[in-house]
Amino acid sequence: GAVVSQHPSWVICKSGTSVKIECRSLDFQATTMFWYRQFPKQSLMLMATSNEGSKATYEQGVEKDKFLINHASLTLSTLTVTSAHPEDSSFYICSATRREAEAFFGQGTRLTVV
Amino acid sequence: KQEVTQIPAALSVPEGENLVLNCSFTDSAIYNLQWFRQDPGKGLTSLLLIQSSQREQTSGRLNASLDKSSGRSTLYIAASQPGDSATYLCAGVNDYKLSFGAGTTVTVRA
């Protein structure tokens with residue numbers, strides 16, 4: 001299957017700092033990528049749709065100023081958690097959709113804000 | 001808005017038994033339905049994708065069916081193995097967006 005690479009796999013940061021997470025599609029061009037958040041023992045919640053060359057589309061209730069998304073190329077989308085606080089601690093996962101709308105996911109990033 | 005429900009939430013079976021995982025969705029106009037596996041602390045691995053024009057897909061010991069009229073999909077895993085222990089998620093795809101169920105956590109006992 002297609003490969004989507006996410007980096008870093010885990011990060012610990014101090015409260016008030018910013019953290020950048022990268023998502024790359026390694027073997028296909030992805031004009032659209034998606035960012036999800038997952039709380040323990042819960043399912044994935046879509047945060048935003050990342051569109052190459054244009055602004056991201058955020059789901060209701062997601063703060064666009066806190067979760068900055070940049071999709072600068074057809075293979076790379078980044079999520080920056082700005083001024084992180086402990087409540088932002090979570091598991092963040094990206095996905096890219098190939099033809100036939102098959103979605104492939106990155107390995108996820110465990111963010112812990114202390 | 002697409003809502004996806006998975007039953008049961010957890011399942012424990014002895015090795016060798018067949019597994020049946022259920023998924024139901026509210027919007028029958030889904031484009032695709034996709035099944036994933038998630039191991040603890042890891043991302044999602046795509047298992048099977050069923051396009052809206054299809055009724056089932058098979059890969060090895062896995063078989064998934066799709067009935068759009070009743071809003072249901074079922075994942076069958078034959079002859080379960082301890083390595084099949086994981087959480088299985090189904091997702092309905094509408095406009096390239098995935099709506100996930102809460103998952104079924106499977107434990108296969110050796």
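Relevant structure appears above.
Some details on the interface of chain A and chain B
Across the contact, 19 residues belong to chain A and 20 residues belong to chain B. When chain A packs against chain B, the two sides together hide about 1,500 Å² of surface, and 59% of this comes from carbon and sulfur. The interface formed by chain A and chain B holds 1 salt bridge in total. One salt bridge in this structure joins B:K97 and A:E59, with 3.0 Å as the shortest N-O distance. Linking chain A with chain B are 6 residue pairs in polar contact (both at pLDDT 80 or more), by the criterion used here. Looking at the side of chain A that touches chain B, the elements with two or more residues in it are β4 (32–38), β5 (44–51), β9 (90–97) and β10 (103–105) of chain A. Residues that form the side of chain A that touches chain B fall into these classes: 10 nonpolar, 6 polar and 3 charged.

Here we look at the packing of aromatic side chains
Counted under the stated rule, the structure contains 7 aromatic pairs over all chains. Centre to centre, the rings of A:Y36 and B:F100 are 5.7 Å apart; their planes meet at 90 degrees, and the pair counts as edge-to-face. One end of the pair, A:Y36, is in strand β4; the other, B:F100, is in strand β10 (residues 97–100), on a second chain. With a centroid separation of 6.2 Å and an interplanar angle of 45 degrees, the aromatic rings of A:F67 and A:Y92 are classed as tilted. Separated by 25 residues along the polypeptide, A:F67 in strand β7 (residues 67–73) and A:Y92 in strand β9 bring together distant segments of the chain. In terms of burial, A:F67 and A:Y92 fall into one category: buried. One aromatic cluster in this structure is built from A:Y36, A:F105, B:F36 and B:F100.

Thoughts on the sheet that holds strand β7 (residues 62–67) of chain B
Residues and elements named next belong to chain B. Spatial strand order, β1-β3-β8-β7-β6: 5 strands in an open sheet with antiparallel pairing. Edge positions in the open sheet fall to β1 (4–7) and β6 (56–59), since each of these has one partner strand only. Between one strand axis and the next, the sheet turns through 15 degrees on average, direction left out of account. Both strand β3 (residues 19–25) and strand β8 (residues 72–77) contribute to a ladder of 6 bridges, which runs antiparallel. Within β8, the residue paired with L19 across the bridge is I77.

A closer look at the pattern of salt bridges
Residue and element names in this part refer to chain B. As enumerated under the stated definition, the model contains 5 salt bridges over all chains in all. Put simply, R37 and D39 hold a salt bridge, and the shortest N to O gap is 3.1 Å. Under the relative-accessibility criterion, R37 is labelled buried at 19%.

Thoughts on the nonpolar core
Of all hydrophobic cores here, the largest spans 25 residues; its most connected members are A:W35, A:F67, A:I69, A:L79, A:Y92 and A:L111. Those elements that provide at least two residues to this core are β2 (10–13), β3 (19–25), β4, β5, β7, β8 (76–81), β9 and β11 (109–113) of chain A. Look past the residues within four positions of A:I69 in its chain and what remains in contact with it is A:W35, A:A48, A:S50, A:A56, A:Y58, A:S77, A:T78 and A:L79. With 21 residues, the next largest nonpolar core counts B:L48, B:L66, B:A86 and B:C90 among its residues.

Quick word on the sheet that holds β8(A)
All names here are of chain A. The 4 strands are arranged β1-β3-β8-β7 in an open sheet whose pairing can be described as antiparallel. At either end of the open sheet lies a strand with only one pairing partner, and these are β1 (4–7) and β7. The mean angle between the axes of side-by-side strands here comes to 15 degrees, regardless of whether they run parallel or antiparallel. The pairing of β3 with β8 spans 6 bridges and is classified as antiparallel. In the strand pairing of β8, K20 is matched with T80.

Criteria and cut-off values
Residues numbered from 1 in each chain as written. Chains lettered and ligands numbered in written order. Predicted model: local features only at pLDDT ≥ 70, side-chain atom pairs only at ≥ 80, totals over all residues. Heavy atoms only, no water. Contact = heavy atoms within 4.5 Å. Buried area = accessible area lost by both parts, 1.4 Å probe. Salt bridge = Lys/Arg side-chain N within 4 Å of Asp/Glu carboxyl O. Polar contact = N/O pair within 3.5 Å; in protein donor to acceptor, adjacent residues only side chain to side chain. Helix = DSSP H or I, 4+ residues; strand = E, 2+ residues; numbered from the N terminus. Nonpolar A, V, L, I, M, F, W, Y, C, P; charged D, E, K, R; others polar. Phe/Tyr/Trp six-rings, centres within 6.5 Å; stacked < 30°, edge-to-face > 60°. Buried < 20%, exposed > 50% of the residue type's maximum accessible area, 1.4 Å probe, protein only. Pairing = 2+ DSSP bridges. Axes fitted to C-alpha atoms, helices over the stretch in contact; angles between N-to-C directions. Core = buried A, V, L, I, M, F, W, Y, C linked by side-chain atoms within 4.5 Å.

Any functional reading would require information beyond the geometric quantities listed.
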